[in-house]
Amino acid sequence: MKKKKDFRSGCKLVVLNVFFTVLCLVVLVPILYALSVSFSGKGAALSGGLSLLPENPTLENYRTILFDKPFLLWLKNSALLSVGTIAVAMFCAIPAAYAASRWRFAGRTSMLRMLLVLNAFPQVLSLFALFRVLKMTGLLNAHAGLIMIYAGSMCVFAIWNLKGYFDTIPRSIEEAARMDGAGDLSLIARVVLPLARPAIIVTCVMVLITVWNEYLFATTFLLDKNAYSLAGGLYQLQSNDYSRNWSVFTAASMLSTLPILLVFFKVQKYMVSGLTAGGVKE
């Protein structure tokens, strides 16, 4: 009987592994095709066949996007937006999440729920209002204005994710630190933040990915070509019907994903613990 159970468990495991392997391969097909087009000539994307290997491999598309187009400027602008948003959002979210986790004050639950309700509205509904606000304050076409918008929207996710992780930290650790003479700031800086490092890193990565890929606000509020982020720059590559070059576009897309991949591989050991612990229900 035990052998039969082991055999069935082994068969189920093999079937699951085969299923997920096939699923991963299917998901990778568009990415591999885009990679193939990025190494192909100008008309490769318009050809009738679907080939995952370029017929005449060339690096001309990558040379064009790096030296003939302001790709590095777009990359720098996206990095500035991402780092600025992470700094502002985390500066506001960490103390707010800690206060929501540890303190019991009137309206605490209602405030957290209200944040979720406000964040549930589609971004396009606030587009005109934000445009008017940025224009009146002189922040239209400025990275600072866009950072404020991004940070405001990402704070809700950051607060909820960090609060869930703070809830898992035993209060006894903080009480022991207080008995040793630690004040509030010292307690947070030396005890709470090191313990919450996985959640903080994961939250920063999620904010980074969101800002890096954001398209709607970036193409609406950044009108100067010198202020374009990667989203606006890639849009400009394809904005003219007579000069579209899908090979150059896919080369730029491949290059734009490299920083995110590098960051993800660097912090992947924190991803599971940071996301699962952040989902603990109080």
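This one's a predicted model, so the numbers in the text were calculated from it and none came from an experiment.

Quick notes on the rules
- Residues numbered from 1 in each chain as written.
- Predicted model: local features only at pLDDT ≥ 70, side-chain atom pairs only at ≥ 80, totals over all residues.
- Heavy atoms only, no water.
- Helix = DSSP H or I, 4+ residues; strand = E, 2+ residues; numbered from the N terminus.
- Buried < 20%, exposed > 50% of the residue type's maximum accessible area, 1.4 Å probe, protein only.
- Contact = heavy atoms within 4.5 Å.
- Expected span 1.5 Å × (residues − 1).
- Bend = angle between axes of the 7 residues up to and from the residue.
- Patch = residues over 30% accessible without salt bridge, like charges linked within 9 Å, V, L, I, M, F, W, Y side chains within 5 Å.
- Areas by Shrake-Rupley, 256 points an atom, 1.4 Å probe, with all protein chains shown as cover.
- Salt bridge = Lys/Arg side-chain N within 4 Å of Asp/Glu carboxyl O.
- Phe/Tyr/Trp six-rings, centres within 6.5 Å; stacked < 30°, edge-to-face > 60°.
- pLDDT = per-residue confidence, 0-100.
- Axes fitted to C-alpha atoms, helices over the stretch in contact; angles between N-to-C directions.
- Left-handed = near helix turned anticlockwise from the far one by under 90°.
- Nonpolar A, V, L, I, M, F, W, Y, C, P; charged D, E, K, R; others polar.

Scanning the protein from terminus to terminus reveals 12 helices and zero strands. Tracing the protein from N to C terminus, the helices and strands come up as α-α-α-α-α-α-α-α-α-α-α-α. Per-residue burial for the protein yields a buried fraction of 36% across its 282 residues. Pairs at least 24 apart in sequence give 75% of the contacts found in the protein among residues at least 6 apart.

As a further point, take helix 3 (residues 71-102). Given a rise of 1.5 Å per residue, 32 residues ought to cover 46 Å, and the 45 Å separating the end C-alpha atoms of helix 3 matches this to within 8%. Helix geometry: helix 3 is bent most strongly at methionine 90, by close to 25°.

Together, Leu25, Leu28, Val29, Ile31, Leu32, Leu35, Leu52 and Leu53 make up a nonpolar patch on the protein surface, roughly 690 Å² of accessible area in all. Of note, leucine 35 is situated in helix 1 (residues 2-38). A residue is classified by how much of its surface remains accessible, and leucine 35, at 35% relative accessible area, is partly exposed.

Scanning all chains against the criterion turns up eight aromatic pairs. Ring plane angle 70° and centroid distance 5.3 Å describe the contact between phenylalanine 19 and phenylalanine 20, whose orientation is recorded as edge-to-face. Overall, phenylalanine 19 belongs to the partly exposed group, its relative accessible area being 48%. With a centroid separation of 5.0 Å and an interplanar angle of 40°, the aromatic rings of phenylalanine 39 and tyrosine 62 are classed as tilted. Here the residue phenylalanine 39 occupies a position in the loop between helix 1 and helix 2 (60-68), and tyrosine 62 occupies one in helix 2, the gap between them amounting to 23 residues. Owing to a relative accessible area of 12%, tyrosine 62 belongs among the buried residues under this scheme. Ring pairs connect the aromatic residues Phe131, Phe217 and Phe221, which therefore count as one cluster.

The next thing to look at is unusual backbone geometry. At asparagine 141, a residue that is not glycine, the phi angle is positive and equals roughly 65°. Looking at the secondary structure, you find asparagine 141 in the loop between helix 5 (127-137) and helix 6 (143-168).

Before going further, it helps to examine the confidence of the model for the protein. Summing up the model confidence of the protein, the mean pLDDT is 82 and the portion of residues at 70 or higher is 88%. Across residues 278-282, where pLDDT falls below 50, the model places 10 contacts with residues more than four positions away in sequence or in other chains.

Turning next to the packing of helix 7 (residues 171-179) against helix 8 (residues 184-195). To characterise two packed helices, one gives the angle between the axes of the helices and the distance between these axes. It is at 10 Å that the axes of helix 7 and helix 8 come closest, and there the two elements cross at 140°. Crossing hand, helix 7 versus helix 8: right-handed. Together, Ile173, Glu174, Ala177 and Arg178 of helix 7 and Asp184, Leu187, Val191, Val192 and Leu195 of helix 8 make up the contact between the two elements. Classifying every residue of the contact of helix 7 with helix 8 by side-chain character gives six nonpolar, no polar and three charged.

Attention now goes to the environment of serine 153. Within the secondary structure layout, serine 153 lies in helix 6. Placed 30 residues apart in sequence, serine 153 and glutamine 123 show a C-alpha to C-alpha distance of 9.3 Å.

Side-chain pairs of opposite charge can arise whenever the charged atoms involved come near each other. Going through the model one piece at a time under the given rule, you end up with three salt bridges. Residue glutamate 60 is joined to arginine 63 by a salt bridge in which the shortest nitrogen-to-oxygen separation is 2.9 Å. You can see glutamate 60 and its partner arginine 63 sitting in helix 2, three residues apart, about one turn around the helix. Glutamate 60 sits in the partly exposed class, given a relative accessible area of 38%. Here arginine 63 falls in the partly exposed class, since its relative accessible area comes to 34%. In this structure, lysine 163 and aspartate 167 form a salt bridge, with 3.0 Å as the shortest nitrogen-oxygen distance. Within this pair, lysine 163 and its partner aspartate 167 are both found in helix 6, separated by four residues, close to a single helical turn. Given the relative accessible area of 5%, lysine 163 is considered buried.

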